[in-house]
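One-letter residues, chain by chain:
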Amino acid sequence: MIGQIASALMATWYMKKFKRVVIKLSYFRLSLYQIKKTITMGMSNGLTQLAITLVQVVMNRSLIHYGNLSIYGSDIPLAASGIVMKVNSIVFAVLIGITQGVQPILGFNYGAKLYDRVKKTYKLAIVCVVSVGAVALFVFQVFPERVLMIFGKENELYMEFAVRFMRTFLLMLPLSGVHMISSNLFAAIGKPVRGAMLSLTRQVFFLIPLMLILPLFFGIKGVLMAAPSADFLAFLVVLIFVSKEMRGMKE
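Only a predicted model underlies this, so the values are computations on that prediction, with no experimental measurement involved.

S.K.: Residue-level account of the overall build of the protein, with values.
M.R.: Broken down by element type, the protein carries nine helices and zero strands. Overall, the protein is about 60 × 45 × 35 Å in size when its C-alpha atoms are taken along their principal axes. Relative to its full complement of 251 residues, the protein shows a buried share of 40%. For the protein, the share of sequence-separated contacts (at least 6 apart) that also reach a separation of at least 24 residues comes to 75%. Split by element, the accessible area of the protein, about 14900 Å² in all, is 68% carbon and sulfur. The positive charge centre, built from 26 side chains, and the negative charge centre, built from 9, are 18 Å apart in the protein.

Written out as structure tokens, the structure is:
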């Protein structure tokens, strides 16, 4: 709560610093045209957030069910999942910041038909998100115990599962940034349906089904394997969508 209040105050204070935009009361009147444009631009991000909530519900139920069938019980998987997802949210905050920051640049240059700039900006954004993801992946793979111990030291069984959860669930973390940038690319260039489709591929089309199917064969390990598998499959879909769009820009 303190963080949200502080960020709201900072945003309000920054409004006074606008150089080219003068805030007027008349600007806050509802306009159907502007509402439509806003929804179009934010559709991919909004669907992603809704999908994350749905994934969390399915994952928690799966961890409880298959945790009870393992030596870990239901409490250890839930506790480990909560910590790993919170740590991962810090990385995702950086990725989301890059994604949202690059969106207006992509949209402006695409509208001006400066397609070389669109490609250059997209490639630069990919390099940035992959680099952030790679650094985070290195930390999570090499120093998982140290990261987890920030939140307290539990018994050996808990640490064993938590380390396995962190290393497996976040194995394809660099590809997550590529997926986010690519879905926002289509939203920025006025193709929200494709952006929305890409937003749903990882969470809804791949992750949830895999989270339900893989545990049938691998038990609770299947829940952990679902995330990197979904990341990889979603990355393949991104390659198809983006390659086709880049060829279109070239033509």
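S.K.: Go over the pattern of salt bridges, please, and point to the residues and values.
M.R.: According to the stated counting rule, one finds three salt bridges in the structure shown. A salt bridge links Arg-194 to Glu-245; the nearest nitrogen and oxygen atoms lie 3.1 Å apart. Placement of Arg-194 in helix α8 (residues 192-218) and of Glu-245 in helix α9 (residues 220-250) is noted, with a sequence separation of 51 residues between them. Overall, the relative accessible area of 5% leaves Glu-245 in the buried class. For Asp-231, the salt bridge is made with Arg-202, and the minimal N-O distance between the two is 2.6 Å. Linking Asp-231 in helix α9 with Arg-202 in helix α8, this pair joins segments that are 29 residues apart in sequence. In this structure Asp-231 comes out as buried when scored by relative accessible area, which is 5%.

S.K.: Provide a residue-level description of the side chain of Ser-176, including the pertinent values.
M.R.: The residue Ser-176 is located in helix α7 (residues 173-188) in this model. Not counting chain neighbours up to four residues away, the residues in contact with Ser-176 comprise Phe-92 and Asp-231.

S.K.: Can you tell me about the packing of helix α2 (residues 32-68) against α7, naming the residues and giving the values?
M.R.: At a minimum axis distance of 8 Å, the contact between α2 and α7 shows a crossing angle of 165°. With respect to α7, the axis of α2 lies roughly antiparallel. In this structure, the crossing between α2 and α7 has a hand that is right-handed. Contacts between α2 and α7 involve Thr-40, Met-41, Ser-44 and Asn-45 on the former and, on the latter, Ser-183, Asn-184, Ala-187 and Ala-188. Residue classes in the contact of α2 with α7 are distributed as three nonpolar, five polar and no charged.

S.K.: Can you break down the nonpolar core residue by residue, with the values?
M.R.: One finds Tyr-122, Phe-140, Leu-148, Phe-161, Phe-165 and Met-211 to be the most contacted residues of the largest nonpolar core, which totals 60 residues. Sorting the residues of this core by element identifies α2, α3 (75-111), α4 (115-142), α5 (144-149), α6 (156-169), α7, α8 and α9 as the ones contributing at least two each. The contact partners of Phe-161, leaving out residues within four places of it in the chain, are Leu-63, Tyr-72, Ile-76, Pro-77, Ala-80, Ile-220 and Leu-224.

S.K.: Got a sec to walk through a nonpolar patch on the surface? Specific residues and values, please.
M.R.: A cluster of nonpolar side chains, namely Trp-13, Tyr-14, Met-15, Phe-18, Val-21, Ile-23, Leu-25, Tyr-27 and Phe-28, defines an oily patch on the protein surface of about 1000 Å² accessible area. Note on placement: Phe-18 falls in the loop between α1 (2-14) and α2. For Phe-18, a relative accessible area of 34% puts it in the partly exposed group.

So, how was this worked out
- The numbering scheme is per chain: residues are counted from 1 as the chain's sequence reads.
- Two thresholds apply to this predicted model, a pLDDT of at least 70 for residue-level local features and 80 or more for giving and counting side-chain atom pairs, whereas whole-chain, interface and lining totals are computed over all residues.
- Side-chain metrics rest on all non-hydrogen atoms present in the structure, leaving aside hydrogens and water.
- What counts as a helix is a DSSP run of H or I of at least four residues, what counts as a strand is a run of E of at least two, and both are numbered from the N terminus.
- Buried, partly exposed and exposed residues are distinguished by accessible area as a fraction of the type maximum, computed with a 1.4 Å probe on protein chains only: under 20%, between the cut-offs, and over 50%, respectively.
- Contacts are assigned to residue pairs with any non-hydrogen atoms lying within 4.5 Å of each other.
- Only the protein chains shown count as cover for residues, and all accessible areas are computed by the Shrake-Rupley method using a 1.4 Å probe.
- The charged-residue count follows a simple rule in which Lys and Arg add positive charge and Asp and Glu add negative charge, with His and chain termini not counted at all.
- By convention, charge coordinates are those of NZ in Lys, CZ in Arg, CG in Asp, or CD in Glu.
- We count a salt bridge whenever a side-chain nitrogen from Lys or Arg sits within 4 Å of a carboxyl oxygen from Asp or Glu.
- Interaxial angles span 0 to 180 degrees and are taken between N-to-C directions of axes, which are lines fitted to C-alpha atoms, for helices over the stretch in contact.
- Any angle between 65 and 115 degrees counts as roughly perpendicular, while under 35 counts as roughly parallel, over 145 as roughly antiparallel, and the rest as oblique.
- Should the near helix be turned counterclockwise from the far one by less than a right angle, the crossing is left-handed, whereas a clockwise turn marks it as right-handed.
- Each residue is assigned to one of three groups, with Ala, Val, Leu, Ile, Met, Phe, Trp, Tyr, Cys and Pro labelled nonpolar, Asp, Glu, Lys and Arg labelled charged, and all others, Gly among them, labelled polar.
- Nonpolar cores were defined as sets of buried Ala, Val, Leu, Ile, Met, Phe, Trp, Tyr and Cys residues, with membership established by side-chain atoms within 4.5 Å.
- Excluding any residue in a salt bridge, patches collect residues exceeding 30% relative accessible area, merging like charges within 9 Å and nonpolar Val, Leu, Ile, Met, Phe, Trp and Tyr side chains within 5 Å.

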